[in-house]
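This is what each chain is made of:
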Amino acid sequence: MVSVVAWVTFFCLLVSTAFFIVIERKLLGMVQLRQGPNKPSMKGLLVFLADGVKMFTKGLLIPSTANKGLFVVAPAFMFVLSFGVWIIFPSYFPSEYFKYSVLFFLALSATNVFGVILVGWSSNSSYAMLGAMRAIAQSISYEVGMFTVFMCPLLVIFGFEFQRMMDDPITVWMYCSSSLMLWFISILAETNRAPFDFVEGESELVAGFHVEVGGGLFALIALAEYGAIIGMSVFTAVLFFSGANFVLFVGIVLSLCYLFILVRGAMPRYRYDMLMDFCWTKLLPLSMTNFLFIMVW
């Protein structure tokens, strides 16, 4: 019974992630006063099916100089890591209990950089390797501030299980509103979203670490990245709005997902030196100060 529920949940996550890509394209079209996808099906709502069929039916092209084994395995590794975080998803009607799920979440978040470096290195391309190295520097830098901010709600909840947060009536954002703002900035950089989207900087990196990847392998990378956005939105709602009822919880998750898209439509991309300077001279001192303040309080 558990396996059937797991497969159904996995299928629903795939469909929601693919549909989220369509929502982003349509919402960006509205922000930029242009037409989004509107041809396949009614108003283009099923364009994700057309994109999926197109990508997974294209021929699998592997560069002759690439490390062929890792070139195929690396996108699948990123996909598994992105959706593996849903193992610890806290439910309102739990059938299992994952002890110390917070530590598992931190470990899995830190492991994402290995998928990026595998994709870039296995391509044997200078562009891909340069994009991978920049992505790793960005991800590792912002993880320090993100993990520091992550500890602030844990000090209020005083626990290391996401399920305990769902059962706790405390609404953390009342005590950690400043942490929520710092957390959202950190996960924008961690999920490689604008204005911190240097991992896929089209203008200077020619699509970054996955420049040589196409077809079904590129679809796996795209699903992994957009799945991470939905996952981060869900766990943000769990961390800071643990006392919300089910309807409010779903509304908060959807609002956070839309906020990711609106930031991309409104904010220009930073320069890379500004990105790193903002992390080490502004975000990290603010997150450390915020952590010490909440710990003392």
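Conventions and cut-offs
Along every chain, residues carry numbers that run from 1 in the direction the sequence is written. Owing to the predicted nature of the model, reporting of local features is limited to residues with pLDDT of at least 70; listing and counting of side-chain atom pairs is limited to 80 or more, with chain, interface and lining totals taken over all residues. The side-chain values count all of the structure's non-hydrogen atoms but skip hydrogen atoms and water molecules. UniProt positions are given in the numbering used here, feature names are shortened, and annotations may be inferred rather than shown by experiment. A run of DSSP states H or I qualifies as a helix once it reaches four residues; a run of E qualifies as a strand once it reaches two. Both are numbered from the N-terminal end. By definition in these notes, contact holds between two residues if any of their heavy atoms fall within 4.5 Å. Between the first and last residue of a helix there are one fewer steps than residues, each counted as 1.5 Å, and that sum is the expected span. Relative accessibility under 20% of the residue-type maximum defines a buried residue, over 50% an exposed one, and the middle range a partly exposed one, all with a 1.4 Å probe and only protein chains included. pLDDT measures how confident the predictor is about each residue, on a scale from 0 to 100. The working definition used for a salt bridge is a side-chain nitrogen of Lys or Arg within 4 Å of a carboxyl oxygen of Asp or Glu. In this analysis, axes come from line fits to C-alpha atoms, helices being fitted only over the stretch in contact, and the angle between any two N-to-C directions falls in the range 0 to 180 degrees. Reported orientations rely on four angle classes, namely roughly parallel under 35 degrees, roughly antiparallel over 145, roughly perpendicular from 65 to 115, and oblique for the rest. A crossing counts as left-handed when the near helix is turned anticlockwise from the far one by less than a right angle, and as right-handed when that turn is clockwise. To form a nonpolar core, buried Ala, Val, Leu, Ile, Met, Phe, Trp, Tyr and Cys residues must be joined to one another through side-chain atoms within 4.5 Å. Asp, Glu, Lys and Arg are counted as charged, while Ala, Val, Leu, Ile, Met, Phe, Trp, Tyr, Cys and Pro are counted as nonpolar; the rest, among them Gly, fall into the polar class. Note on aromatic contacts: the rings of Phe and Tyr and the six-membered ring of Trp form a pair at centre separations within 6.5 Å, being stacked when their planes are under 30 degrees apart, edge-to-face when over 60 apart, and tilted otherwise.

**Topic: the UniProt feature "transmembrane region" (unreviewed entry) in the chain**
Step number 1: Mapped onto this structure's residue numbering, the UniProt feature "transmembrane region" (unreviewed entry) falls at residues 44-62, 69-89, 101-121, 142-160, 172-189, 217-240 and 246-263.
Step number 2: Taken end to end, residues 101-121 comprises 100% helix and 0% strand; its first and last C-alpha atoms sit 31 Å apart.
Step number 3: Here residues 217-240 runs as 100% helix and 0% strand, with 35 Å between its end C-alpha atoms.

**A closer look at the side chain of Thr-236**
Step number 1: Looking at the element boundaries, Thr-236 is found in helix H9 (residues 215-240).
Step number 2: Among all residues touching Thr-236, those that are not within four sequence positions of it are Leu-180, Trp-183, Ile-187, Phe-241 and Leu-256.

**Some details on H9**
Step number 1: With 26 residues, H9 should cover 38 Å at 1.5 Å per step; its first-to-last C-alpha distance of 38 Å lies within 8% of that length.
Step number 2: Among the 26 residues of H9, 24 are classified as buried, and the element is accordingly described as predominantly covered.

**Brief notes about the confidence of the model for the chain**
Step number 1: This prediction gives the chain a mean pLDDT of 86; 93% of its residues lie at or above 70.
Step number 2: Summarising per-element confidence for the chain, the mean pLDDT is lowest in helix H8 (residues 202-205) (59) and highest in helix H3 (residues 68-84) (93).

**A look at the pattern of salt bridges**
Step number 1: Inspection of the entire model under this criterion finds 6 salt bridges.
Step number 2: Here Asp-197 and Arg-269 are joined by a salt bridge, their closest N and O atoms 3.0 Å apart. In this pair, Asp-197 sits in the loop between helix H7 (177-190) and H8 while Arg-269 sits in the loop between helix H10 (246-266) and helix H11 (272-296), placing the two residues 72 residues apart along the sequence.
Step number 3: Note on Arg-269: relative accessible area 30%, which makes it partly exposed.
Step number 4: Taking the shortest distance from any N to any O, the salt bridge between Arg-271 and Asp-273 comes out at 3.1 Å.
Step number 5: Each of Glu-24, Arg-193 and Arg-264 takes part in a single network of salt bridges with overlapping partners.

**Describing the environment of Ala-137**
Step number 1: In this fold, Ala-137 is placed in helix H5 (residues 126-157).
Step number 2: The class of Ala-137 is partly exposed, set by a relative accessible area of 31%.
Step number 3: Put simply, Ala-137 and Leu-262 are 125 residues apart on the chain and 25 Å apart in space, counted from C-alpha to C-alpha.
Step number 4: With residues near it in sequence (within four places) discarded, Ala-137 still touches Tyr-272 and Met-276.

**Concerning the packing of H3 against helix H4 (residues 101-122)**
Step number 1: In contact at an axis separation of 9 Å, H3 and H4 are set at 160° when each is read in the N-to-C sense. Here H4 runs roughly antiparallel to H3, going by the angle between their axes. Pair H3 / H4 crosses with left-handed handedness. Judged by residue contacts, Leu-70, Phe-71, Ala-74, Pro-75, Phe-77, Met-78, Leu-81 and Gly-84 of H3 engage Phe-104, Leu-108, Thr-111, Asn-112, Phe-114, Gly-115, Val-116, Leu-118, Val-119, Trp-121 and Ser-122 from H4.

**Examining the nonpolar core**
Step number 1: Phe-105, Phe-150, Phe-162, Met-165 and Trp-183 are the most contacted members of the largest nonpolar core, which totals 63 residues.
Step number 2: Counting residues per element, this core draws most heavily on H9, which supplies 12 residues.
Step number 3: Setting aside its immediate chain neighbours within four residues, Phe-150 contacts Val-102, Phe-105, Leu-106, Phe-162, Trp-183 and Leu-239.
Step number 4: In this structure, Ala-74, Val-116, Val-119 and Val-199 belong to the second largest nonpolar core, which totals 14 residues.

**Observations concerning the packing of H7 against H10**
Step number 1: Where H7 meets H10, the closest approach of the two axes is 12 Å, and the angle between their N-to-C directions is 70°. In terms of axis orientation, H7 runs roughly perpendicular to H10. Across the interface between the two elements, Phe-184, Ile-187 and Leu-188 of H7 pack against Leu-259, Phe-260 and Val-263 of H10.
Step number 2: Its residues placed into classes, the contact of H7 with H10 shows 6 nonpolar, no polar and no charged.

**Let's talk about the packing of aromatic side chains**
Step number 1: Applying the stated rule across the entire model yields 18 aromatic pairs.
Step number 2: Consider the rings of Phe-105 and Phe-162, whose centres lie 5.7 Å apart with planes at 85°: the pair is edge-to-face. A residue pair is termed long-range when its members are at least 10 positions apart, and Phe-105 in helix H4 and Phe-162 in helix H6 (residues 162-167) qualify at 57 residues. As far as the burial class goes, Phe-105 and Phe-162 line up, both buried.
Step number 3: Ring plane angle 40° and centroid distance 5.1 Å describe the contact between Phe-105 and Phe-235, whose orientation is recorded as tilted. A residue pair is termed long-range when its members are at least 10 positions apart, and Phe-105 in helix H4 and Phe-235 in helix H9 qualify at 130 residues.

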